[in-house]
Amino acid sequence: MSALIIAIDGPAGSGKSTVARALADRLGWSFLDTGAMYRAITVEALRRELDVRDEAALAALSASSVVRTTPRVSINGRDVEDEIRTDRVNEVVSIVAANPLVRASMVARQREFADAQAVGTVVEGRDITTVVFPDATIKIFLSASLDERARRRGGDEEPASLARRDDADSNRRTSPLRVAHDAIEIDTTLRAVDDVVEEIVECLHQKTSS
Ligand code: DC
């Protein structure tokens, strides 16, 4: 039997990471934050002073780099956990993530990661339900109002910056953020994390017992 996968997509601040992490803990599964992978590549590109719009240079960087997201985010053995959410990274990560060659390299690793897990993986990002794991056990699309999403970022990212990133991620040519036709949509604006987690666990039980 192939590994179980809960695929979660949604815009920035929709609660994906918090919900996915809590869900993985609740189920005893692994967790993969794919946004952190694109952020780690972005940090390294900036450190090397590469032009983030240079598709070939970014492709070469991603193909030759080892990216880990657990226990902390690192690239080529360098811990970048504290560098991946700066304003500068927020500004340009969507450009890096729009590069089809970077995406191909990251998607292959995301699939390898899930394949290697003994029980199951909760994976979150923008194209997880549509491209990376279209056959996931269950697919979830989380949303929340823009104000609530900005509030959750604790003032770390302005609503205008979030909206710009949403726009770039939803309108790019390669693997844009979309609601998969068979995804379960959950608006988390007024919901507690545990409540959303329980709803997803219930969906999983229904799916795996049917
Ligand atoms: O989830 P996040 O904000 O950490 O993601 C950072 C950026 O990476 C986001 O602007 C979109 C991009 N991303 C993506 O294109 N595909 C993914 N699977 C995950 C993130």
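As shown above, the structure is provided for reference.
Residues numbered from 1 in each chain as written. Predicted model: local features only at pLDDT ≥ 70, side-chain atom pairs only at ≥ 80, totals over all residues. Heavy atoms only, no water.

Student: Could you give an account of the pattern of salt bridges, naming the residues involved and the relevant values?
Tutor: Here the structure, examined in full by the defined rule, presents 19 salt bridges. For Glu 198, the salt bridge identified is with Arg 26, shortest N-O distance 2.8 Å. Taken together, the positions of Glu 198 in helix H9 (residues 193-209) and Arg 26 in helix H1 (residues 16-27) put the pair 172 residues apart, joining distant regions of the chain. Judged by relative accessible area, which is 42%, Arg 26 ranks as partly exposed. Across the pair Arg 191 and Glu 199 runs a salt bridge whose closest N-O atoms are separated by 2.7 Å. By relative accessible area, Arg 191 is classed as partly exposed at 29%. Residue classification places Glu 199 among the partly exposed positions, given a relative accessible area of 28%. One network of salt bridges, with partners in common, ties together Glu 44, Arg 47 and Arg 48. (Salt bridge = Lys/Arg side-chain N within 4 Å of Asp/Glu carboxyl O. Helix = DSSP H or I, 4+ residues; strand = E, 2+ residues; numbered from the N terminus. Buried < 20%, exposed > 50% of the residue type's maximum accessible area, 1.4 Å probe, protein only.)

Student: Tell me about the sheet that holds strand S4 (residues 74-75), and please be specific about residues and values.
Tutor: With antiparallel pairing, three strands are arranged side by side in an open sheet as S3-S4-S5. Among the strands making up the open sheet, the edge pair consists of strand S3 (67-68) and strand S5 (78-79). Judged from the two bridges that link them, S4 and S5 form a sheet pairing that is antiparallel. Residue pairing for S5: Ile 75 is matched across the bridge by Arg 78. (Pairing = 2+ DSSP bridges.)

Keep in mind that these numbers describe shape and distance, not what the molecule does.
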